[in-house]
Amino acid sequence: MNSPVGGVIPSLLVSSQAKQRLIIGCTIGNALEFFDFIVFSFLMLFLGPVFFPAASEYGKLLLTTATFGVGFLMRPIGGMLIGSYADRHGRRSALTLTLLMMGLGCGMLAVVPSYAQIGVAAPCIVVLARLIQGFAAGGEVGASTTLLVEQAAPAQRGFYASWQPGSQNLGVMLGALVVMGLVAGLPAQDMAEWGWRIPFFIGMLTAPVGLYVRRHLEESLTLAPSLESPQQLTREAAKQQPLRMVFRHYRVKLLLSVLLLLSIVVCTQIIAFYMPAFAARELGLPTSMTLLASVLVGGIGFVLAPLVGMLSDRVGRKPVILWSRLLMLLLILPCYQLLIRQPTVGNLLIVISLLSVLLVMQVVPGITMLPELFPKAVRTTGMSVAYGLGVSVFGGFSQFFVTWLIQWTASPYAPAWTMMVTVAISSLALLGIRDRTGESMDEHIARVECNQSVIAVVTSSVLRSISGAIMRYAQSDIRLSEETIQAFQRDGAVCIRQLFSPAELAALAEGIAANLQQPSPRAKVASQPDDPGWFFEDFCNWQENPAYRQLIFTPRLGQVAAQLMGSQQVRLYHDHLLVKEPNTRQKTPWHQDQPYYNVEGQQNCSMWLPIDPIPRSATLEFVAGSHRGPWLMPRSFMDKQAKWFPKGSLVDLPDIEADRENLSILGWALEPGDAVFFHMLTLHAAAGVGEQRRRVFSVRFLGDDMRHAPRPWVTSPDFPGLCDVLPAGAALDHPLFPLLFPAEGR
């Protein structure tokens, strides 16, 4: 059912200059945001007396720490909502939003009056500012990482993604340096009265710089604005409801992501923030070491992150994570022993430097793996939710937990044991995560819809492999009844019920969602601009869409086509997506497919597979036996013009609707899993749809006698350059038309 009409969607092309701007823009913006977020922690000793003057010294610290922690509590909410926004409206729009919100939070902290001036409203404003900043930070990481990896070549994703944690470390380092400079340069009274506001003013005033840079970034989520109905694409993206999709269909991936992050966030909090404070409080080292250690951790992270990213691109994500965690397990306890037995500033810096190097080596590949787990339609949402939950639950409470553990166990080694346990547990996640280094990031990730225990999560990859092998064995051979084969030969169309399982349809639905989210340059709109619905078509995506490829190469599909066509071999001709949104009036007029194509021969068939229930009134209809008649003049669907074959060279299409009573019209109400197979010359048509959406995936098959028939016009679909390598009359033995049956190795 090809329509040679509609606008073409331009493909996304990203230049090297644009990629450089991308790295610079994400790094600057992200560094500024994390400067704004983290500088609060460096100023807590100054903020307590200003906003909680009535509390004791311990109470001031506790209340200020709690205010800082409020930001962590908002991170998962920000991750969910901003991540979903990014998957519906674009990564760049989300990044602009997070920067604006972070700047707003900084501005509020910079100008908020003290408790002495406005009373309890002052700490309330501070809490509100931290809520806004935490909300923004929750969405920043997922959106910026996704934007970086989606525009990177598969062999460079680790390097591109590394700038996200690298820029976080840059923000931490800058924040610590600014506060160190203020403490060193201002009298203590000035710092306590007004000097603490300067970092927040810096954060507020530098936000426009980040906004300017981000305005010039390339968008990686293409919503195809050049289509005749761009608002339909926006509505289509909104219908996907990424947040609901993540929690409904990607729960296992979400759990694996949070488990992978367990070690990263706990080790970050202990090494970068708790250990310097522990050394000052428990071991008697100077309190100024807290800021110096933060500068050191931030500097190491910023410098090493790109190098680790390149290393992970070369040897793989998992090897880098596993070796760094193994070394950390071996060195954590000796490092703590050295620090406790010989508590010197030099030893503190050596320990923190060594552990920071190992930390960067697990953070960078770990952050890169998160967006690689999710398909594009929910990528930012999935990563943002996982990161927000991990940081909020494990990062926000890790310092509190180790402090309590030291008192409960009376052992100063409690932080070391905590890190060792979390590193070991977190590493189990790698058993269920595939290393996608160097692969296309949109490789299919099958939907898993079951409630799994932690053990099931860890062993899910093994179980899927075993069950997949059993399913392939059980379904590899299928024999059609002689009645079905004869019906196809006689009528040119048959319906085969429940040919595909719910799991296969779920996987295909994900592929369709990804296709709609990012159409190919071959996509077409086949409905009028004033149509209340929308008829969308796209072609030849099996090489880019792993879900399509997986279904097409299902062995029994080639077997069914071979039996219907009576062919020894089956080749793929092309795939075709057809989506009619609710209330689409546009009909698919009566036509034959083959006159639109560049092939000739009799042994062919098409499969029409809906993933939505199709009532009889909206289904595909056929004129039984019409495939045994002549070729009929093809016309454009919208203006009904004969644009291709010379006038009079083919028979004009008769008025089928006027003669329905005298024709044998076939059609079936269909449930998901049912598939209709028909000959390329069988006359067929379809009505518009009502309130029900109609998503159909169609596949065309070529048999033994099919030959290349170059046309002097653009066919639908077109295969540019094919006539240069395949002469007229040649068999279609070409990589564009892979062999489906007999399957390789059978």
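As a reminder, the structure under discussion sits directly above these lines.
The rules behind these values
- Residues numbered from 1 in each chain as written.
- Predicted model: local features only at pLDDT ≥ 70, side-chain atom pairs only at ≥ 80, totals over all residues.
- Heavy atoms only, no water.
- Helix = DSSP H or I, 4+ residues; strand = E, 2+ residues; numbered from the N terminus.
- Buried < 20%, exposed > 50% of the residue type's maximum accessible area, 1.4 Å probe, protein only.
- Contact = heavy atoms within 4.5 Å.
- Areas by Shrake-Rupley, 256 points an atom, 1.4 Å probe, with all protein chains shown as cover.
- Core = buried A, V, L, I, M, F, W, Y, C linked by side-chain atoms within 4.5 Å.
- Expected span 1.5 Å × (residues − 1).
- Salt bridge = Lys/Arg side-chain N within 4 Å of Asp/Glu carboxyl O.
- Axes fitted to C-alpha atoms, helices over the stretch in contact; angles between N-to-C directions.
- Left-handed = near helix turned anticlockwise from the far one by under 90°.
- Nonpolar A, V, L, I, M, F, W, Y, C, P; charged D, E, K, R; others polar.
- Pairing = 2+ DSSP bridges.
- Patch = residues over 30% accessible without salt bridge, like charges linked within 9 Å, V, L, I, M, F, W, Y side chains within 5 Å.
- Phe/Tyr/Trp six-rings, centres within 6.5 Å; stacked < 30°, edge-to-face > 60°.
- Lys NZ or Arg CZ within 6 Å of the ring centre and 35° of its normal.

1. Points about the overall build of the protein
Then step 1. Looking only at helices and strands, the protein features 24 helices and 14 strands.
Then step 2. The buried share of the protein, taken over its 746 residues, is 59%.
Then step 3. Put simply, of all contacts in the protein between residues at least 6 apart along the chain, 85% involve residues at least 24 apart.
Then step 4. On the protein, roughly 29,300 Å² of surface is accessible, and the fraction owed to carbon and sulfur atoms is 63%.

2. Let's talk about the nonpolar core
Then step 1. Ranked by internal contacts, the top residues of the largest apolar core, which has 117 residues, are Leu43, Phe51, Phe200, Met275, Met328, Tyr336 and Leu348.
Then step 2. Counting 41 residues, the second largest nonpolar core, distinct from the first, contains Phe500, Phe536, Leu557 and Cys605.

3. Concerning helix H17 (residues 414–427)
Then step 1. The end-to-end C-alpha distance of H17 is 20 Å, a good match for the 20 Å that 14 residues give at a rise of 1.5 Å each.
Then step 2. Of all 14 residues making up H17, 10 are buried, and the element is well covered by its neighbours.

4. A look at the pattern of salt bridges
Pairing between side chains of opposite charge can happen when their charged atoms approach one another.
Then step 1. With the rule as written, the count across this model stands at 16 salt bridges.
Then step 2. One salt bridge in this structure joins Arg616 and Glu621, with 2.9 Å as the shortest N-O distance.
Then step 3. Given a relative accessible area of 14%, Glu621 falls into the buried group.
Then step 4. A salt bridge links Glu621 to Arg660; the nearest nitrogen and oxygen atoms lie 3.0 Å apart. Linking Glu621 in strand E8 (residues 620–623) with Arg660 in the loop between E8 and strand E9 (665–666), this pair joins segments that are 39 residues apart in sequence.

5. As for the packing of helix H13 (residues 289–315) against helix H15 (residues 345–373)
Then step 1. One way to put it is that H13 packs onto H15 with a least axis distance of 8 Å and a crossing angle of 35 degrees. The chirality of how H13 crosses H15 is right-handed. On H15, the residues that touch Met289, Leu292, Ala293, Leu296, Val297, Ile300, Gly301, Leu304, Ala305, Val308, Gly309 and Ser312 of H13 are Val345, Leu348, Leu349, Ile352, Ser353, Ser356, Val357, Val360, Met361, Val364 and Pro365.
Then step 2. In terms of residue class, the contact of H13 with H15 is made up of 18 nonpolar, 5 polar and no charged.

6. What about the sheet that holds strand E11 (residues 684–686)?
Then step 1. The antiparallel open sheet is built from 4 strands, whose spatial order is E5-E11-E8-E9. Strands with a single pairing partner mark the edges of an open sheet, and in this sheet they are strand E5 (588–591) and E9.
Then step 2. Note that E8 and E11 share 3 bridges and pair antiparallel. Across the sheet, Leu620 pairs through a bridge with Ala686, a residue of E11.

7. Observations regarding the pairing of strand E1 (residues 493–496)
Then step 1. Of the two faces of E1, the one carrying Ala493 and Cys495 and the one carrying Val494 and Ile496 are both buried.
Then step 2. Direction of pairing for E1 relative to strand E10 (residues 675–678): antiparallel, over a ladder of 4 bridges. From the neighbouring strand, Cys495 faces E10, where its bridge partner is Val676.

8. Some details on a nonpolar patch on the surface
Then step 1. There is a patch of nonpolar side chains on the surface, built from Trp323, Leu326, Leu327 and Leu330 and spanning about 420 Å² of accessible area.
Then step 2. Its location among the elements puts Leu326 in helix H14 (residues 317–341).
Then step 3. In this structure Leu326 comes out as partly exposed when scored by relative accessible area, which is 40%.

9. Structural notes on the packing of aromatic side chains
Then step 1. Tallying each qualifying case throughout the model produces 19 aromatic pairs.
Then step 2. Between Tyr596 and Trp644, the aromatic rings sit 5.7 Å apart at their centres with planes inclined by 70 degrees, giving edge-to-face as the arrangement. Residue Tyr596 is located in the loop between E5 and strand E6 (599–600), and its partner Trp644 is located in the loop between E8 and E9; the two are separated by 48 residues in the primary sequence.
Then step 3. A cation over an aromatic ring shows up here: Lys580 above the ring of Phe535, its NZ or CZ 4.8 Å from the ring centre.

10. Things to note about the environment of Leu663
Then step 1. Tracing the sequence through the fold places Leu663 in the loop between E8 and E9.
Then step 2. Judged by relative accessible area, Leu663 falls into the partly exposed class, the value being 29%.
Then step 3. Through-space distance from the C-alpha of Leu663 to that of Gly625 is 9.8 Å; in sequence the pair is 38 residues apart.
Then step 4. Beyond its immediate stretch of four places on either side in the chain, Leu663 contacts Val623 and Ile656.

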